[in-house]
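# Chains, contacts and geometry: an overview
Letter by letter, the chains look like this.
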Amino acid sequence: MEKILDGKALAQKLNNELKSEFNQLYIFSKIKPKLATILVGEDPASQVYINIKTKVCAEVGIESISIKHPANIDSEELIASIQELNRDDSIHGILLQIPLPNHLKPHISTFISQISPKKDVDGLHPINKGKLFDYNEEYAPCTPKGIIALLEHYNVNLKGKFTVIINRSNLVGKPLIFLLLKRNATVAVCHTSTINIEKLTKMADILIVAVGKPNFISKDKIKKGAILIDVGVSRVNGKLCGDVNFNDVFEKCGMITPNPGGIGPLTVSFLMKNTLIAYQNQIKSNLAKE
Ligand SMILES: NC(=O)c1ccc[n+]([C@@H]2O[C@H](COP(=O)([O-])OP(=O)(O)OC[C@H]3O[C@@H](n4cnc5c(N)ncnc54)[C@H](OP(=O)(O)O)[C@@H]3O)[C@@H](O)[C@H]2O)c1
């Protein structure tokens, strides 16, 4: 049994498959797939993420555009920019890069609900969240989809597994609950108010950690043989790292994602996959109109 869950290798395989699927649909439709990213302000980490997404878009055959707004843009202008992209038939996916500047943060749900659900490649529109509640994962968020794909690729049977998620965000923890329940895992969700978190992490067959704190998980906090999915991203002395102390837990755990090189590349692949779904759906609805 392989111990390292190699997200980077799986992402490369998926990207190759996606490239061929995009190409086939392009030959059929003569419509170029296009993803628009909205960036507000100058957040350096967001700029790095956008550059990575742009590179992978080019690899799989998606045209990508980045709409940049100044940090002082007001809510109405941002909504108008989203609506313009909704109306543009040449755009198949829309992504609002977070974090937003402080004055816009309280209105994030309003902005996301303005994105057409058909173009919502981040899977955060209320309609897509509601569908996930019903186990329809077509437009589920990219990181949770990547986590499930990695576990399934390595034949991890989720049925009955006690799975602990440390995160309850809309982007990671909440959607994961439904993807895991659909596959018959037993799910516990932890956060900053969880009392005695270690009691739960030590019971976990599968532990998914997305807190953004280096070395949050060490060997004394896990069960022997546990499967560890390290989602968090931090920087220590300029180097990227996750939430799990990899060297410390390695002997004791059953399987583990490297970080970097685990969930990050899969998140990008599933952004491409969600763009493919959005592109397919828009081609289908164009055909239905003809
Ligand atoms: N690799 C990837 O592709 C990828 C994708 C998405 C996110 N990430 C990374 O994953 C991390 C989380 O991202 P996010 O957007 O979900 O962030 P977030 O909204 O800040 O969520 C962090 C979660 O961790 C919980 N948490 C923080 N400190 C904790 C503690 N001491 N004990 C227990 N729970 C704690 C928070 O609890 P409360 O809810 O109580 O505050 C919250 O639910 C970040 O490091 C981010 O960079 C990576």
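About the thresholds
- Residues numbered from 1 in each chain as written.
- Predicted model: local features only at pLDDT ≥ 70, side-chain atom pairs only at ≥ 80, totals over all residues.
- Heavy atoms only, no water.
- Helix = DSSP H or I, 4+ residues; strand = E, 2+ residues; numbered from the N terminus.
- Contact = heavy atoms within 4.5 Å.
- 1 Å grid on protein atoms, 1.4 Å probe; cavity = no way out; pocket = protein on both sides within 12 Å on 5 of 7 lines; lining within 4 Å.
- Points joined across faces, edges and corners; volume = space filled by probe spheres on them.
- Nonpolar A, V, L, I, M, F, W, Y, C, P; charged D, E, K, R; others polar.
- Near = heavy atom within 4 Å.
- Polar contact = N/O pair within 3.5 Å; in protein donor to acceptor, adjacent residues only side chain to side chain.
- Areas by Shrake-Rupley, 256 points an atom, 1.4 Å probe, with all protein chains shown as cover.
- Pairing = 2+ DSSP bridges.
- Axes fitted to C-alpha atoms, helices over the stretch in contact; angles between N-to-C directions.
- Parallel < 35°, antiparallel > 145°, perpendicular 65-115°, else oblique.
- Left-handed = near helix turned anticlockwise from the far one by under 90°.
- Buried < 20%, exposed > 50% of the residue type's maximum accessible area, 1.4 Å probe, protein only.
- Phe/Tyr/Trp six-rings, centres within 6.5 Å; stacked < 30°, edge-to-face > 60°.
- Lys NZ or Arg CZ within 6 Å of the ring centre and 35° of its normal.

Turning next to the environment of valine 187. For valine 187, the location among the structural elements is in strand β5 (residues 186-190). Spatially, the C-alpha atom of valine 187 lies 35 Å from that of glutamine 282, the residues being 95 residues apart in sequence. Every residue in contact with valine 187, bar those within four places of it in the chain, is listed here: Thr163, Ile165, Ile177, Leu180 and Leu181.

Moving on to the layout of surface pockets. One number sums up the size of the second largest pocket: a volume of about 200 Å³. Lining the second largest pocket we find Ile31, Asn86, Asp89, His92, Ser116, Lys118, Lys119, Gln282, Ile283, Ser285, Asn286 and Lys289. Residue contributions to the lining of the second largest pocket peak at 5 residues, all from helix α10 (residues 263-289). For the lining of the second largest pocket, the class distribution of residues is 2 nonpolar, 6 polar and 4 charged.

For the ligand, the set of nearby residues contains 19 residues, the closest of which are Asn167, Arg168, Ser169, Thr192 and Thr267. Separating an oxygen atom of the ligand from a backbone N or O atom of valine 233 is a distance of 3.0 Å. Between an oxygen atom of the ligand and a side-chain N or O atom of threonine 267, the distance comes to 2.8 Å. Protein contacts shield 69% of the accessible area of the ligand, which totals 920 Å² for the unbound molecule.

Spatially, the 3 strands line up as an open sheet ordered β2-β1-β3, and their pairing is parallel. Either end of the sheet is taken by a strand with one partner, and the two such strands are β2 (63-69) and β3 (93-96). With strand direction ignored, the average angle separating the axes of adjacent strands in the sheet is 20°. In this sheet, β3 lies alongside strand β1 (residues 34-40) in parallel orientation, the contact comprising 4 bridges. Considered in β3, the bridge of leucine 35 is made with glycine 93. Here helix α2 (residues 44-60) sits on the sheet and contacts β1, β2 and β3; the angle it forms with β1, its principal contact strand, is near 170°.

Put simply, helix α6 (residues 142-153) and α10 touch, their axes get as near as 8 Å, and they point 110° apart. One way to sum up the angle between α6 and α10 is to call them roughly perpendicular. On α10, the residues that touch Cys142, Thr143, Lys145, Gly146, Ile147, Ala149 and Leu150 of α6 are Ile263, Leu266, Thr267, Phe270, Leu271, Asn274 and Ile277. For the contact of α6 with α10, the per-class residue count stands at 9 nonpolar, 4 polar and 1 charged.

Another point: the packing of helix α1 (residues 7-29) against α10. As a packed pair, α1 and α10 sit with axes 9 Å apart at the nearest point and diverge in direction by 20°. Of the possible angle classes, the one that applies to α1 and α10 is roughly parallel. As for the relative orientation of α1 and α10, their crossing is left-handed in sense.

Positionally, glutamine 282 belongs in helix α10. For glutamine 282, a relative accessible area of 9% translates into the label buried. There is a polar contact of 2.8 Å between the side chain of glutamine 282 and the backbone oxygen of alanine 278.

For the bond from isoleucine 98 to proline 99, the omega torsion is 10°, close enough to zero to count as cis. Position of proline 99 relative to the elements: it lies in the loop between β3 and α4 (108-114). With an omega dihedral of 5°, the bond running from asparagine 259 to proline 260 counts as a cis peptide bond. Mapped onto the secondary structure, proline 260 falls in the loop between β10 (255-256) and α10. Unlike most non-glycine residues, asparagine 167 shows phi in positive territory, near 160°.

Now for the packing of aromatic side chains. Counted under the stated rule, the structure contains 3 aromatic pairs. Relative to tyrosine 279, the ring of phenylalanine 22 has its centre 5.7 Å away and its plane inclined at 35°; by these criteria the two rings are tilted. Taken together, the positions of phenylalanine 22 in helix α1 and tyrosine 279 in helix α10 put the pair 257 residues apart, joining distant regions of the chain. Judged by its relative accessible area of 2%, phenylalanine 22 is buried. Taking relative accessible area as the criterion, tyrosine 279 reaches 0% and is therefore assigned buried. Look at phenylalanine 133 and phenylalanine 178: their rings are 5.3 Å apart centre to centre, the planes differ by 40°, and that puts the pair in the tilted class. In this pair, phenylalanine 133 is assigned in helix α5 (residues 126-133) and phenylalanine 178 in helix α7 (residues 173-182), connecting sequence segments 45 residues apart. For lysine 32, the ring lying beneath its charged end belongs to tyrosine 26, and the centroid distance is 5.6 Å.

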